[in-house]
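Structure at a glance
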Amino acid sequence: MAEGSGGGAGTLAGRVAVVTGGASGIGLGLARALARRGAQVLLADLAGAEAAADMLRAEGLAAEGIAADVSSEVATAAMAEAAETRFGGLDILVNNAGIYATLTPKPFEELDLAEWRRVLEVNVMGTFLCCRAVLPAMQRRGGGRIVNISSGVAFKGNPYMAHYVASKGAVVSLTRALATELGRHGILVNSVAPGFTLSEGVLRNPVLVEGVKGPSLRGRVLARDMLPEDLTGAVCFFAGPDAAFITGQTLVVDGGAYFH
Ligand SMILES: NC(=O)c1ccc[n+]([C@@H]2O[C@H](COP(=O)([O-])OP(=O)(O)OC[C@H]3O[C@@H](n4cnc5c(N)ncnc54)[C@H](O)[C@@H]3O)[C@@H](O)[C@H]2O)c1
């Protein structure tokens, strides 16, 4: 059954979700899927979040947008506050914002320190800051769901992106640590680890497409390209009622490339 054909409709009715990096690519696909299941969704992104929300509203979905850099403490606090102000609460956070598609693969000894710092700052510290920002709002709701987008590279240790691989390994570990700490608040924290996905950002990076697309496809049991829609089921599952007793887990969604 294809995404959008109605699977899970209404399962997130009454829920408010924040999707970081929601203006494009995988994040926009996830925001659309959450909204199709009945959630009101706040898209947060460096740019383009309001235009993306306009597009979702034109599809009859409940969405708003806010400009936010996830590596900013001030911006992430404002993001959480906006969800409560605009929608009356906050139940679901999808930490999807990340630096990947703009990276150029290179040997680790050639990685620029400033680039290393920025990747860790956005992918790891950004996830931490967003989790911390939404905590009071989720506590006011009596619980919540956090879904962190990590990556299959955390398990495979792919070459030529050591900063990115390290950052996604940290996201897996952070997921476990936060699950342990936040369970007592009824907040469940899980992670989805995608394989190589033809997102908008990836499609704009010919080096990545040429270098990774072929090997990824050949390495999968399900031998076809992976699209943002392939991730929506796992993320909506972790955000929804069927995952009420699952926390601290990472689900690899990659067409059967890595068995975790
Ligand atoms: N595409 C893949 O092959 C793949 C595989 C595994 C994991 N992922 C992860 O999935 C997520 C989405 O990837 P994508 O391929 O859709 O990338 P993308 O580049 O297409 O989209 C990323 C989005 O995040 C936003 N963003 C970047 N930095 C931000 C910041 N500091 N604050 C707020 N927003 C910010 C960008 O503006 C963009 O809209 C990332 O976390 C990425 O690491 C992607």
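This report concerns the structure included in the present document. (Residues numbered from 1 in each chain as written. Predicted model: local features only at pLDDT ≥ 70, side-chain atom pairs only at ≥ 80, totals over all residues. Heavy atoms only, no water.)

**Thoughts on the environment of L43**
Within the secondary structure, L43 sits in strand 2 (residues 40-45). Each C-alpha atom, one on L43 and one on L28, is 7.9 Å from the other, the two residues being 15 residues apart in sequence. Other than its neighbours up to four places away in sequence, L43 contacts V19, G22, L28, A31, A49, A52, A53, L56, E64, G65 and I66. (Helix = DSSP H or I, 4+ residues; strand = E, 2+ residues; numbered from the N terminus. Contact = heavy atoms within 4.5 Å.)

**Concerning the packing of aromatic side chains**
Counted according to the given criterion, the structure contains three aromatic pairs. Ring centres of F155 and Y258 lie 5.5 Å apart, and the angle between their planes is 15 degrees; this geometry places the pair in the stacked category. With F155 in helix 5 (residues 153-156) and Y258 in the segment after strand 7 (250-253), this pair connects stretches of sequence that are 103 residues apart. What makes F155 partly exposed here is its relative accessible area of 21%. (Phe/Tyr/Trp six-rings, centres within 6.5 Å; stacked < 30°, edge-to-face > 60°. Buried < 20%, exposed > 50% of the residue type's maximum accessible area, 1.4 Å probe, protein only.)

**Description of the site of the ligand**
In the neighbourhood of the ligand, 28 residues make up the surrounding shell, with D45, N96, Y164, T197 and S199 lying closest. At 3.0 Å, a backbone N or O of V70 approaches a nitrogen atom of the ligand. Within the side chain of K168, an N or O atom sits 3.0 Å from an oxygen atom of the ligand. Surface burial for the ligand is 92%, taken as the share of its 820 Å² of free accessible area covered by protein chains. Listed by contribution, the elements that provide at least two residues to the shell around the ligand are helix 1 (25-36), helix 4 (113-141), helix 6 (162-182) and helix 7 (200-203). Among the residues making up the shell around the ligand, the classes are represented as 13 nonpolar, eleven polar and four charged. (Near = heavy atom within 4 Å. Polar contact = N/O pair within 3.5 Å; in protein donor to acceptor, adjacent residues only side chain to side chain. Areas by Shrake-Rupley, 256 points an atom, 1.4 Å probe, with all protein chains shown as cover. Nonpolar A, V, L, I, M, F, W, Y, C, P; charged D, E, K, R; others polar.)

**As for the side chain of S71**
With respect to the helices and strands, the residue S71 is situated in the loop between strand 3 (63-67) and helix 3 (73-87). The exposure class assigned to S71 is buried, which follows from its relative accessible area of 14%. A polar contact of 2.8 Å, which involves the side chain of S71, links it to the side chain of D69. For S71, the residues in contact, after removing those within four places along its chain, are R118, E121, V122, M125, G126 and L129.

**Thoughts on the layout of surface pockets**
A volume near 220 Å³ is recorded for the second largest pocket. Residue classes in the lining of the second largest pocket are distributed as five nonpolar, six polar and four charged. (1 Å grid on protein atoms, 1.4 Å probe; cavity = no way out; pocket = protein on both sides within 12 Å on 5 of 7 lines; lining within 4 Å. Points joined across faces, edges and corners; volume = space filled by probe spheres on them.)

**Some details on the sheet that holds strand 2**
One open sheet accounts for seven strands, arranged 3-2-1-4-5-6-7; its pairing is parallel. In the strand order of this sheet, the two ends are held by strand 3 and strand 7, each with one partner. For this sheet, the mean angle separating the axes of adjacent strands, direction not counted, is 20 degrees. Relative to strand 7, strand 6 (residues 187-194) runs parallel, the two sharing four bridges. Bridge pairing links V192 to L251 in strand 7. (Pairing = 2+ DSSP bridges. Axes fitted to C-alpha atoms, helices over the stretch in contact; angles between N-to-C directions.)

**So, the side chain of T232**
Residue placement: T232 occurs in helix 9 (residues 232-239). What makes T232 buried here is its relative accessible area of 3%. For T232, the side chain forms a polar contact with the main-chain oxygen of E229, separated by 2.9 Å.

**Some remarks on the packing of helix 3 against helix 4**
Close contact between helix 3 and helix 4 brings their axes to 8 Å; oriented N to C, the two are set at 30 degrees. Of the possible angle classes, the one that applies to helix 3 and helix 4 is roughly parallel. In this structure, helix 3 crosses over helix 4, and the sense of that crossing is right-handed. Contact with helix 3, carried on its side by E73, T76, A77, M79, A80 and E84, involves L129, C130, R132, A133, V134, A137 and R140 of helix 4 and no other residues of that element. Among the residues making up the contact of helix 3 with helix 4, the classes are represented as eight nonpolar, one polar and four charged. (Parallel < 35°, antiparallel > 145°, perpendicular 65-115°, else oblique. Left-handed = near helix turned anticlockwise from the far one by under 90°.)

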